[in-house]
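# Descriptive analysis of the structure
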Amino acid sequence: MNPCVNITVGMQGTESVLVTPPLTVKHFMPAMPAVYGTPMMIYLMEVAAANAIHPHLPVGWVSVGADVNVRHLAATPLGRTVTATGTVIEINDRLIRFRVEAHDGVRLIGEGTHLRGVINLEKFEAKLAQQS
C-alpha cells in the first residue's frame with residue numbers, strides 16, 4: 001500500500017498564529033527582545049506542511065518531521081499574525097519535501113525547505129513502546 005498515492009506536487013497547507021508573549025524569545029530568555037522566536041516559526045512551518053498532506057493520507061497514517069532547512073529573515077513584533085505556507089515540491093516514496101515560507105502580514109520572515117516522512121501511527125507507536 002502506498003499511503004502517498006493521493007499526494008501531488010503543488011499541494012499547499014497553511015497555519016497561522018498571533019504573536020503573543022509566550023511565542024517570543026524574551027519569554028524563554030528575559031534579556032532578549034520580545035520578538036517571534038525562530039523555533040516557533042519552524043514549528044508553524046512544519047504544521048503548515050503537515051496540513052497540506054494530512055487530509056490526503058489514509059486513516060491511521062500521519063507525517064512526521066525529518067529535516068528542516070530554514071532561514072529566519074526578519075523580526076516580528078507582538079500583535080502580528082504570522083502565516084506559514086507549506087507547498088509539496090517533491091515526493092519520493094514516503095518522503096515528502098516542501099517549500100516553506102512564513103509571512104507576518106508585512107513581509108516575508110522565513111523561508112526554506114522541510115522534509116516529512118509518512119508513517120503508520122499504530123506501527124510507529126508499537127515500536128516506541130518496545131523501546132521503553
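Residues numbered from 1 in each chain as written. Predicted model: local features only at pLDDT ≥ 70, side-chain atom pairs only at ≥ 80, totals over all residues. Heavy atoms only, no water.

We now examine the overall build of the protein chain. Helix and strand content of the protein chain: 3 helices and 5 strands. Its helices and strands taken in sequence order, the protein chain reads β-α-α-β-β-β-β-α from the N to the C terminus. Summarising its shape, the C-alpha atoms of the protein chain cover approximately 50 × 40 × 20 Å along the three principal directions. Within the protein chain, buried positions represent 33% of all 132 residues. Of all intrachain contacts in the protein chain linking residues separated by at least 6 positions in sequence, the fraction that spans at least 24 positions is 67%. (Helix = DSSP H or I, 4+ residues; strand = E, 2+ residues; numbered from the N terminus. Buried < 20%, exposed > 50% of the residue type's maximum accessible area, 1.4 Å probe, protein only. Contact = heavy atoms within 4.5 Å.)

A few words now on helix H2 (residues 38–53). In this model, H2 (16 residues) spans 24 Å end to end at C-alpha, consistent with the 22 Å of a helix rising 1.5 Å per residue. Restricting attention to buried positions, one finds in H2 the residues Met 40, Met 41, Leu 44, Met 45, Val 47, Ala 48, Ala 49, Ala 50, Ala 52 and Ile 53. Elements that come into contact with the buried residues of H2 comprise strand S1 (12–18), helix H1 (25–28), strand S2 (61–72), strand S3 (81–92), strand S4 (95–103) and strand S5 (108–120). (Expected span 1.5 Å × (residues − 1).)

Turning our attention to the sheet that holds S3. Taken together, 5 strands build an open sheet; the order of strands is S1-S3-S4-S5-S2 and the sheet is antiparallel. The strands lining the two open edges of the sheet, one partner per strand, are S1 and S2. Taking the axes of each pair of neighbouring strands and ignoring which way they run, one obtains an average angle of 25° across the sheet. One ladder, built from 11 bridges, connects S2 with S5; its direction is antiparallel. Within the sheet, the bridge partner assigned to Val 64 lies in S5 and is Gly 117. Taken strand by strand, H2 contacts S1, S2, S3, S4 and S5, and its axis lies near 145° from that of S1. (Pairing = 2+ DSSP bridges. Axes fitted to C-alpha atoms, helices over the stretch in contact; angles between N-to-C directions.)

Of all 13 residues that make up S5, 10 are buried, and the element is covered over most of its length. Pairing geometry for S4 and S5, over 9 bridges, is antiparallel. Note on S5: the bridge partner recorded for His 103 is Leu 108. Linking two consecutive strands that pair antiparallel, namely S4 and S5, is a turn of 4 residues; a positive phi of about 90° is found at Gly 105 within it.

Turning our eyes to something else, we now look at the side chain of Ser 63. Within the secondary structure, Ser 63 sits in strand S2. In contact with Ser 63, other than residues within four places in its own chain, are Ala 50, Ile 53, Leu 57, Arg 116, Gly 117 and Val 118.

Let us look at the pairing of S4. The alternating pattern of S4 places Ile 96, Phe 98, Val 100 and Ala 102 on a buried face, while none of Leu 95, Arg 97, Arg 99, Glu 101 and His 103, on the opposite face, is buried. Here S3 runs beside S4; their pairing, made up of 9 bridges, is antiparallel. Each bridged residue has a counterpart across the sheet, and for Asn 92 the counterpart in S4 is Leu 95. If you look at the hairpin formed by S3 and S4, you'll find 2 residues sitting between the two strands, and Asp 93 has a positive phi there, around 60°.

This next bit is on the side chain of Thr 76. The residue Thr 76 is located in the loop between S2 and S3 in this model. A polar side-chain atom of Thr 76 sits 3.1 Å from a polar atom in the side chain of Asp 104. The residues touching Thr 76, leaving out its near neighbours within four places in the chain, are Val 19, Val 35, Tyr 36, Val 82, Asp 104 and Ile 109. (Polar contact = N/O pair within 3.5 Å; in protein donor to acceptor, adjacent residues only side chain to side chain.)

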